[in-house]
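Fold and contact review
Here are the chains, one letter per residue:
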Amino acid sequence: MLKQDRLLSLDAFRGAIVAAMILVNNPGSWDAVYSPFLHAHWNGCTPTDLIFPFFLFIVGMSIHFAYQFKLQEGLTRKVFSKILKRTLIIFALGILIAWFPIFSLERLSHLRIPGVLQRISLVFFFCSLVYFKTNWLTQIRIASILLVGYFLMMTLTPVPGVGPANLEPETNLGAWLDRFLLDGHLWAQSKTWDPEGIISTIPAIATGAIGMLVGQLFTKIEGQESRTAWLFFIGCVLCVAGWTWGLFFPINKSLWTSSYVLYTAGLAMQTFACCYWLFDVQGLKKWATPFVYYGSNAIFVFVASGLLAKTLIRIKVTEGNEEISLWSFIYKNAYASWLQPKDASLAFAVTLILFFLLILWQMYQRKIFIKV
């Protein structure tokens, strides 16, 4: 693969995942959502549970394609500075979303510290360092150690103040450590544990590492048919391995279990193989275009959508004798007034996607790419 080559499929894949993030994060009403657009209650895996690991898988692949031609010069101070700068910016954007719209010192005392962007930044940082300092075989070993080590840690280590190791929401080792180190700064809906917590970031790094390895494998294999076939085959192997491991260590997004890592990485490989075959091999570029718009400004649109949602929820309007958020006002009057609740809720989220698509299309036409 030549340096100037750019995979349309990877950009489209990234964009589709970001659009999916916006879709599942912004229903008109959380009381009316189709089940595939919700996370599994605990164990199990819905389509929504695939979105975040798919994105981390893409982060890993992107590390390879961005840095493969800098491997010979190694991890120089300049390269490390860029990696660190990007890590800190993405992490800070996650904190910004949590802090917005009231930037007061009082809120800092209970501001959520873990989050989606925070986890993305950490996975990017550690995977980038591993990519520069090790070869592909060592990277496989590191990913394996992370997954097996996490499995042993979660299933064998007694939980202080609780008792034997367990995988329940509030009494597992990860939940205990989250409360011990980040009490008061956790996910508002639970307050006692966090789906992007400290320990579960360990296997999340393995998700990024698998993406990195897939990027290297993709580059080494010659021939479009061979690439596609190998991606599908290895993806199938990972899915079966993850499902099998899930019999002992349940597939669980909130815990980011090792079985979940393998299962979702396998599906991510197969999804990317489909994108590659359709967009890069078969040349169906027009179908990829809307997703490329999203993929070209992925972090920007994710942050913008989060800030817009919090703004619309914060603004209050009067309806009858009650005061409701502008978000609810728009949902009730523009959608729920003529659609069934779940259809209205979905239509609201789709409208947000189309709204940002219009903005991203204009940015793309004007070659405005906000990089971090």
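A short tour of the structure in this document, coming up. (Residues numbered from 1 in each chain as written. Predicted model: local features only at pLDDT ≥ 70, side-chain atom pairs only at ≥ 80, totals over all residues. Heavy atoms only, no water.)

Take the overall build of the protein next. Each helix and strand counted, the protein has 14 helices and two strands in total. Taken over the C-alpha trace, the protein has a radius of gyration of 21 Å; the compact-globule value for 372 residues is 21 Å, and the two agree within 12%. Each principal axis of the C-alpha distribution contributes one length, and for the protein these read about 65 × 55 × 40 Å. With 372 residues in all, the protein has 50% of them scored as buried. Taking the intrachain contacts of the protein between residues at least 6 apart in sequence as the baseline, contacts between residues at least 24 apart amount to 71%. Element-wise, carbon and sulfur atoms account for 66% of the exposed surface of the protein, whose accessible area totals about 18,300 Å². In the protein, the 29 positive side-chain charges and the 19 negative ones have mean positions that sit 11 Å from each other. (Helix = DSSP H or I, 4+ residues; strand = E, 2+ residues; numbered from the N terminus. Rg over C-alpha atoms; globule rule 2.2 N^0.38 Å. Buried < 20%, exposed > 50% of the residue type's maximum accessible area, 1.4 Å probe, protein only. Contact = heavy atoms within 4.5 Å. Areas by Shrake-Rupley, 256 points an atom, 1.4 Å probe, with all protein chains shown as cover. Lys, Arg positive; Asp, Glu negative; His and termini not counted. Charge placed at Lys NZ, Arg CZ, Asp CG, Glu CD.)

This part is about the packing of helix 8 (residues 201-220) against helix 10 (residues 258-281). Where helix 8 contacts helix 10, the two axes come as close as 10 Å, and the packing angle between them is 35°. Judged by the sense of rotation from one axis to the other, the crossing of helix 8 with helix 10 is right-handed. Touching Pro203, Ala206, Thr207, Ile210, Val214 and Phe218 of helix 8 are Val261, Leu262, Ala265, Met269, Phe272 and Tyr276, all from helix 10. Broken down by class, the residue content of the contact of helix 8 with helix 10 amounts to eleven nonpolar, one polar and no charged. (Axes fitted to C-alpha atoms, helices over the stretch in contact; angles between N-to-C directions. Left-handed = near helix turned anticlockwise from the far one by under 90°. Nonpolar A, V, L, I, M, F, W, Y, C, P; charged D, E, K, R; others polar.)

Turning our attention to the packing of helix 1 (residues 8-25) against helix 14 (residues 341-365). Helix 14 packs onto helix 1 with a crossing angle of 140° between their chain directions and a minimal axis gap of 8 Å. Relative to helix 14, helix 1 is oriented oblique. Here the hand of the crossing between helix 1 and helix 14 comes out right-handed. Here helix 1 contributes Ala19, Ile22 and Leu23 to the contact with helix 14, which in turn contributes Leu346, Ala349, Val350, Leu352 and Ile353. Looking at the contact of helix 1 with helix 14 residue by residue, the classes come out as eight nonpolar, no polar and no charged. (Parallel < 35°, antiparallel > 145°, perpendicular 65-115°, else oblique.)

Okay, the packing of aromatic side chains next. Under the definition given, this model contains 27 aromatic pairs. Each ring, one from tyrosine 67 and one from phenylalanine 132, has its centre 5.2 Å from the other, and the planes form 55°; the classification is tilted. Residue tyrosine 67 is located in helix 2 (residues 51-67), and its partner phenylalanine 132 is located in helix 5 (residues 116-133); the two are separated by 65 residues in the primary sequence. Centroid distance tyrosine 293 to tyrosine 364: 5.1 Å. Interplanar angle 55°. Geometry classified as tilted. With tyrosine 293 in helix 11 (residues 285-296) and tyrosine 364 in helix 14, the pair connects residues that are 71 residues apart, well separated along the chain. Given the relative accessible area of 12%, tyrosine 293 is considered buried. Residue tyrosine 364 is classed as partly exposed on the basis of its relative accessible area of 32%. An aromatic cluster of at least three residues, connected via ring pairs, comprises Phe13, Phe54, Phe65, Phe218, Phe272 and Tyr276. Its guanidinium or amino end placed over the ring of tryptophan 256, arginine 119 lies 5.1 Å from that ring's centre, counting from NZ or CZ. (Phe/Tyr/Trp six-rings, centres within 6.5 Å; stacked < 30°, edge-to-face > 60°. Lys NZ or Arg CZ within 6 Å of the ring centre and 35° of its normal.)

On to empty space enclosed by the protein. The final tally for this structure, using the stated rule, is three cavities of 30 Å³ or more. Taken as a whole, the largest cavity spans an internal volume of roughly 100 Å³. Lining the largest cavity are 16 residues, with Asn172, Gly174, Ala175, Asp178 and Leu255 sitting closest to its centre. Elements with a minimum of two residues in the lining of the largest cavity: helix 6 (136-156) and helix 7 (173-182). (1 Å grid on protein atoms, 1.4 Å probe; cavity = no way out; pocket = protein on both sides within 12 Å on 5 of 7 lines; lining within 4 Å. Points joined across faces, edges and corners; volume = space filled by probe spheres on them.)

Glancing now at the pairing of strand 2 (residues 322-325). Pairing of strand 1 (residues 316-319) with strand 2, which is carried by four bridges, proceeds in the antiparallel orientation. In the strand pairing of strand 2, glutamate 319 is matched with glutamate 322. Here strand 1 folds back onto strand 2 in antiparallel fashion, the turn holding two residues, of which glycine 320 has a positive phi close to 70°. (Pairing = 2+ DSSP bridges.)

Our next topic: the environment of isoleucine 145. If you trace the backbone, isoleucine 145 turns up in helix 6. Under the relative-accessibility criterion, isoleucine 145 is labelled exposed at 60%. With 61 residues separating them along the chain, isoleucine 145 and alanine 206 place their C-alpha atoms 9.1 Å apart.

Moving on, we get to a nonpolar patch on the surface. On the surface, a cluster of nonpolar side chains totalling about 420 Å² of accessible area is made up of Trp277, Leu278, Leu284 and Trp287. Take tryptophan 287: it is sitting in helix 11. Given the relative accessible area of 65%, tryptophan 287 is considered exposed. (Patch = residues over 30% accessible without salt bridge, like charges linked within 9 Å, V, L, I, M, F, W, Y side chains within 5 Å. Salt bridge = Lys/Arg side-chain N within 4 Å of Asp/Glu carboxyl O.)

In this structure the tally under the stated criterion is zero disulfides. You can see cysteine 45 has no disulfide; the closest cysteine sulfur is in cysteine 239, sitting 9.7 Å from it. Unpaired in this structure, cysteine 275 has its nearest cysteine sulfur neighbour in cysteine 274, at a distance of 6.9 Å. (Disulfide = S-S within 2.5 Å.)

By themselves, these figures tell us nothing about what the structure is for.
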